[in-house]
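The chain contents come next:
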Amino acid sequence: NVYKPKLPAVADVESGIPVVVLIHGGAFMFGSVRANGHENFMRNGRVIVVKMGYRLGPLCFLSTADTVISSNFGMKDQRLALQWIKTNIARFGGDPTRITVLGFSSGGVAVHLHILAQRNFTEYAKVAVSFSGVAFNPWAITLKTRERAFELAKHLNCPDVSSAQLIKDCLQRKPAAAIVRGVRNFLVFGYNPFTTFGPSIEDAAVEDAFLTRSPQQIVESGDFAQLPWLVSYAAQDGAFNAAELLQRMPRREELIEVFNDRWYDLAPYNLFYKDTMHTVEQMDDYSVALKRRYLGEKE
């Protein structure tokens, strides 16, 4: 979607209007271009706003951690959209040399991943902005994707899950809605963990792969796009999980009480360290330390 000011300044008409590209948030699981309003930009700004849609959830990020189902299709959608904008935005009066790419939450993570994954990202953006999301967030990169793919296939009654190719063949025969509904089987507490299928590290043999190294490895290597990057956060950042815990539950046990009673079970999911621990003992020790550090003896 491309939005253009009705009355651009004369100088902008002659040289081209600056461009803001918005990548919407939604935990890589939900959301759409409608989630981020363009009205304030149109009312107050002298910019062209471009908003893109991209694939989400298991239809995008399901991965067997090999070349059979490679994942990151939504990131590749975004990459293609960025190329299209660079090539075509001048036809809408935009200046292709003044493009800012901006994202919120998972959109902010996406912006950061583009910086890390594409040395040539500077061809598509002059400035990058991430609000409330970077590639180092604990929910930004999905781990143990192969196990998750096999589990989803079992939930969808695939008769033979002995290989990635058989899983792919089975899932391709399932309705898209059934695959999306399969996410319910991974939710442990409310809509948590809220990113059950997100960006992952692809096999290096994948043709046209988006991400083949971890963000940490890329940063340590210095092999990423060099451009100005603004990073910030929103008021009440992290409120997604907190709001769910604090909602009132008429005639039912309050979720915050359940969370306190089942801290050892639920904290690793809600705070995204379930897949980073090697043993249950290590996970429990971390849960104890975390609670003690931030809450002391309080609930």
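In case you missed it, the structure is sitting above this.
Residues numbered from 1 in each chain as written. Predicted model: local features only at pLDDT ≥ 70, side-chain atom pairs only at ≥ 80, totals over all residues. Heavy atoms only, no water.

Focus: the nonpolar core
Line of reasoning, step 1. Judged by nonpolar contacts, the single largest core of 59 residues is most densely connected at Val21, Val101, Leu113, Phe121 and Phe197.
Line of reasoning, step 2. Sorting elements by how many residues they give to this core places helix α5 (residues 106-117) first, with six residues.
Line of reasoning, step 3. Excluding residues that lie within four positions of it along the chain, Phe121 makes contacts with Leu82, Val101, His114, Ile115, Ala128, Ala225 and Leu227.
Line of reasoning, step 4. Counting residues in each nonpolar core, the second largest holds 13 residues, with Leu245, Val258, Trp263 and Leu290 among its members. (Core = buried A, V, L, I, M, F, W, Y, C linked by side-chain atoms within 4.5 Å. Buried < 20%, exposed > 50% of the residue type's maximum accessible area, 1.4 Å probe, protein only. Helix = DSSP H or I, 4+ residues; strand = E, 2+ residues; numbered from the N terminus. Contact = heavy atoms within 4.5 Å.)

What about the state of the cysteines?
Line of reasoning, step 1. Tallied over the entire structure, the rule returns one disulfide.
Line of reasoning, step 2. The residue that forms a disulfide with Cys158 is Cys170, at a sulfur-sulfur distance of 2.1 Å. Across the disulfide from Cys158 to Cys170, rotation about the S-S bond amounts to roughly -90 degrees, and the bridge is consequently left-handed. With Cys158 in the loop between α6 (145-155) and α7 (164-171) and Cys170 in helix α7, this pair connects stretches of sequence that are twelve residues apart. This pair shows no difference in class: Cys158 is buried, exactly as Cys170 is.
Line of reasoning, step 3. In this model Cys60 remains outside any disulfide bridge; the closest cysteine sulfur is found in Cys158, 19 Å from its own.
Line of reasoning, step 4. The class of Cys60 is buried, set by a relative accessible area of 0%. (Disulfide = S-S within 2.5 Å.)

Here we look at the packing of aromatic side chains
Line of reasoning, step 1. Evaluated as defined, the whole model comprises eleven aromatic pairs.
Line of reasoning, step 2. Between the aromatic rings of Phe28 and Phe61, the centroid separation amounts to 5.4 Å while the plane-to-plane angle is 80 degrees, which identifies the pairing as edge-to-face. Residue Phe28 is located in the loop between β2 (17-23) and α2 (39-44), and its partner Phe61 is located in helix α3 (residues 58-61); the two are separated by 33 residues in the primary sequence. Accessibility assignment for this pair places Phe28 and Phe61 in one class, buried.
Line of reasoning, step 3. Their ring planes at 20 degrees and their centres at 6.3 Å tell us that Phe30 and Phe240 sit as a pair that is stacked. Pair noted here: Phe30 is in the loop between β2 and α2 and Phe240 is in helix α10 (residues 239-246), with a separation of 210 residues, a long-range link.
Line of reasoning, step 4. Residue Phe30 is classed as partly exposed on the basis of its relative accessible area, which comes to 32%. (Phe/Tyr/Trp six-rings, centres within 6.5 Å; stacked < 30°, edge-to-face > 60°.)

A word on unusual backbone geometry
Line of reasoning, step 1. Residue Pro193 is reached from Asn192 by a cis peptide bond, and omega for that bond is 0 degrees.
Line of reasoning, step 2. Within the secondary structure, Pro193 sits in the loop between α8 (176-181) and α9 (215-221).
Line of reasoning, step 3. For Lys144, which is not a glycine, the phi torsion comes out positive at approximately 50 degrees.
Line of reasoning, step 4. When you line up the elements, Lys144 lands in the loop between β5 (127-131) and α6.

Quick look at the pattern of salt bridges
Line of reasoning, step 1. In the structure shown here, the tally under the stated rule is ten salt bridges.
Line of reasoning, step 2. Ionic pairing is found between Asp66 and Arg146, a salt bridge with its closest N-O pair at 2.9 Å. Of the two residues, Asp66 is situated in the loop between α3 and α4 (73-88) and Arg146 in helix α6; the sequence distance between them amounts to 80 residues.
Line of reasoning, step 3. By relative accessible area, Arg146 is classed as partly exposed at 33%. (Salt bridge = Lys/Arg side-chain N within 4 Å of Asp/Glu carboxyl O.)

With respect to the packing of helix α12 (residues 263-270) against helix α13 (residues 280-295)
Line of reasoning, step 1. Here α12 crosses α13 at 85 degrees, and the two axes come no closer than 10 Å. Considering their axes alone, α12 and α13 lie roughly perpendicular with respect to each other. Facing α12, whose interface residues are Trp263, Tyr264 and Pro268, α13 presents Met283, Asp284, Ser287, Val288 and Lys291.
Line of reasoning, step 2. A class-by-class count of the residues in the contact of α12 with α13 yields five nonpolar, one polar and two charged. (Axes fitted to C-alpha atoms, helices over the stretch in contact; angles between N-to-C directions. Parallel < 35°, antiparallel > 145°, perpendicular 65-115°, else oblique. Nonpolar A, V, L, I, M, F, W, Y, C, P; charged D, E, K, R; others polar.)

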